[in-house]
2 protein chains.
Amino acid sequence: MALNDPNLQRVVTRPTVVRVGNSAVPVSGNGSLHSPKRMLFLDLVLSVFRLNGLLVAEGDAMTEGLGLTSARWKVIGVVALSTAGLTVPGIARVLGQSRQAVQRITDVMAKDGLITYEPNPKHKRSLLVLLTEEGKSAYHELREVQDPWALRNTEDIPIEELETSLRLVRRLIQRLDK
Amino acid sequence: MALNDPNLQRVVTRPTVVRVGNSAVPVSGNGSLHSPKRMLFLDLVLSVFRLNGLLVAEGDAMTEGLGLTSARWKVIGVVALSTAGLTVPGIARVLGQSRQAVQRITDVMAKDGLITYEPNPKHKRSLLVLLTEEGKSAYHELREVQDPWALRNTEDIPIEELETSLRLVRRLIQRLDK
DNA sequence: TCGAATTTGTCAGCATGCTGTCATCTAGCC
DNA sequence: GGCTAGATGACAGCATGCTGACAAATTCGA
């Protein structure tokens, strides 16, 4: 929902894209290029912004009955996949977020009884995050709504397109992350 | 950077995925399915979260010298593409955001002299957002850094992959937006 | 034309994520 | 062993985006 949005098209002057073969040509005198890749990429960027917002909202709504939010099931999912527990900065590294952001989430989740901080034999101050029984229960309930949701949203999408898109997103992450 | 993250793999038990032909089989006794599509989709969701954060950071860094941020060039880009101006709720509809969020951004941008609120012949209270000369200048400077950035980030990516990914993201947006 | 439904501006509160800072702890190197 | 660099916890401030609420303006149908 971006460059071709109907709300915008109504009031927009169509960019005068001049195509010459596969290349592009400067337009509107500002020296910029309306190359297909540029347009595609910027549209993809705006679409990722939009999709991110929708996924957060969807994730919140989907799990509101479980005492979870999008931010929480990101954490609970990572912790559930770990065997020996993870430290808060460890969770942050997996999710690619700041440790402070994760710390704030885990503190609330600990207060809510979903996780506990257990002593870490490897580190005196940096405790291990583990799921409580309530947390494990919440994780299983999460799976019960999240799995059908995932399948529902992909049932008419070829697996090759999912793979291509995931590969592209991963490549962009890798490029921007360094 | 998610389900196959090295930080996580070190401490994770590999899920015992049992494949039968193209279908999947319940594992670990909780009735959940490790179907390929489910894994792909959840990985894509987490990757979109991650990419969103990186794009915001990249967009902020790229335009910090222009008095812009990611949130601002989203707005300035939409306004620049419009001919007769857009109202704040109109911008919000194009971007798929709340009008309140956009209003806060535009208020600051107006105070910074990038945009102005002009009378709207169609509506007494809902003013039109237009770029000032300073705003147009900022938009052109934005293009000068954003266009090479877009081309740089896609130079080794086949255009077909960009199209496939954009189409998938758009399809997900359309599904989640209704 | 009139009244209800919708849209809009405005204010408030909240969640999420970022950066910066500082003290403390850990790990690696001499 | 000791010292320095890096990692961590804790606190603060800030940006972005969401929702709810209310009054005013607009739109649309009876």
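Residues numbered from 1 in each chain as written. Chains lettered and ligands numbered in written order. Predicted model: local features only at pLDDT ≥ 70, side-chain atom pairs only at ≥ 80, totals over all residues. Heavy atoms only, no water.

The next point concerns the overall build of chain A. Regarding its fold elements, chain A presents seven helices and five strands. Out of the 178 residues in chain A, the part that is buried amounts to 47%. Long-range pairs, those at least 24 residues apart, make up 44% of the contacts in chain A between residues at least 6 apart in sequence. Carbon together with sulfur atoms contributes 54% to the accessible area of chain A, which is approximately 8,900 Å² in total. (Helix = DSSP H or I, 4+ residues; strand = E, 2+ residues; numbered from the N terminus. Buried < 20%, exposed > 50% of the residue type's maximum accessible area, 1.4 Å probe, protein only. Contact = heavy atoms within 4.5 Å. Areas by Shrake-Rupley, 256 points an atom, 1.4 Å probe, with all protein chains shown as cover.)

Let's shift gears to the relation of the copies chain B and chain A. It takes a turn of 180 degrees to lay chain B on chain A, together with a shift of 0.0 Å along the axis; the resulting RMSD is 0.0 Å. In short, the pair behaves as if placed about a two-fold rotation axis. Relative to the rotation axis, the closest C-alpha in chain B is found at serine 165 of chain B, a distance of 2.3 Å. (Least-squares fit on C-alpha atoms with pLDDT ≥ 70 in both.)

Moving on, we come to the packing of aromatic side chains. Per the stated rule, a full pass over the model turns up four aromatic pairs over all chains. Look at tryptophan 73 of chain A and phenylalanine 49 of chain B: their rings are 6.2 Å apart centre to centre, the planes differ by 45 degrees, and that puts the pair in the tilted class. Note that tryptophan 73 of chain A is positioned in helix H3 (residues 70-81) and phenylalanine 49 of chain B in helix H2 (residues 36-62), a pairing that runs across two chains. Phenylalanine 49 of chain B shares its class with tryptophan 73 of chain A; the two are buried. Taking the centre distance of 5.2 Å and the plane angle of 65 degrees together, the rings of tryptophan 149 of chain A and phenylalanine 41 of chain B count as edge-to-face. Here tryptophan 149 of chain A, found in helix H6 (residues 133-152), pairs with phenylalanine 41 of chain B, found in helix H2, and the two come from separate chains. The pair tryptophan 149 of chain A / phenylalanine 41 of chain B is uniform in exposure class, with both members buried. (Phe/Tyr/Trp six-rings, centres within 6.5 Å; stacked < 30°, edge-to-face > 60°.)

In the vicinity of DNA strand C there are 23 residues, among which Lys74 and Lys124 of chain A together with Arg93, Arg99 and Arg125 of chain B approach most closely. For DNA strand C, the fraction of atoms within 4 Å of the protein that belong to sugar or phosphate moieties is 58%. Between threonine 69 of chain A and DNA strand C, the recorded distance is 2.8 Å, taken from a side-chain N or O atom to a phosphate oxygen. A distance of 3.4 Å separates a base nitrogen of DNA strand C from a polar atom in the side chain of arginine 104 of chain A. Counting only elements with at least two residues in the surface near DNA strand C, the list comes to H3, helix H5 (99-111) and strand E5 (123-131) of chain A together with helix H4 (88-95), helix H5 (99-111) and strand E5 (123-131) of chain B. With five residues, the single largest contributor to the surface near DNA strand C is H5 of chain A. (Near = heavy atom within 4 Å. Polar contact = N/O pair within 3.5 Å; in protein donor to acceptor, adjacent residues only side chain to side chain.)

Right, let's talk about the confidence of the model for chain A for a bit. Do not read the fine detail of predicted coordinates wherever pLDDT is low. Residue and element names in this part refer to chain A. Per-residue confidence for chain A gives a mean pLDDT of 84, with 81% of residues at or over 70. The secondary-structure element of chain A with the lowest mean pLDDT is strand E1 (residues 18-20), recorded at 29, while H5 shows the highest, at 97. In this model, residues 5-32 is a region of pLDDT below 50 whose contacts with residues beyond four sequence positions or in other chains number 45 contacts. (pLDDT = per-residue confidence, 0-100.)

Here we come to H5 of chain A. Between its terminal C-alpha atoms H5 of chain A stretches 18 Å, which fits the 18 Å expected from 13 residues at 1.5 Å a residue. Within two residues after H5 of chain A, glycine 113 of chain A carries a phi angle of roughly 85 degrees, on the positive side. (Expected span 1.5 Å × (residues − 1).)

Glancing now at the protein's contact with DNA strand D. In the region of DNA strand D, 22 residues are neighbours, and Arg99 and Arg125 of chain A together with Thr69, Lys74 and Lys124 of chain B sit closest. Take the atoms of DNA strand D that sit within 4 Å of the protein: sugar and phosphate atoms are 62% of them. One of the side-chain N or O atoms of arginine 93 of chain A is found 2.8 Å from a phosphate oxygen in DNA strand D. One of the side-chain N or O atoms of arginine 104 of chain B is found 3.4 Å from a base nitrogen in DNA strand D. Here the surface near DNA strand D gets five residues from one element, more than from any other, and that element is H5 of chain B. Of the residues assigned to the surface near DNA strand D, the class counts are five nonpolar, nine polar and eight charged. (Nonpolar A, V, L, I, M, F, W, Y, C, P; charged D, E, K, R; others polar.)

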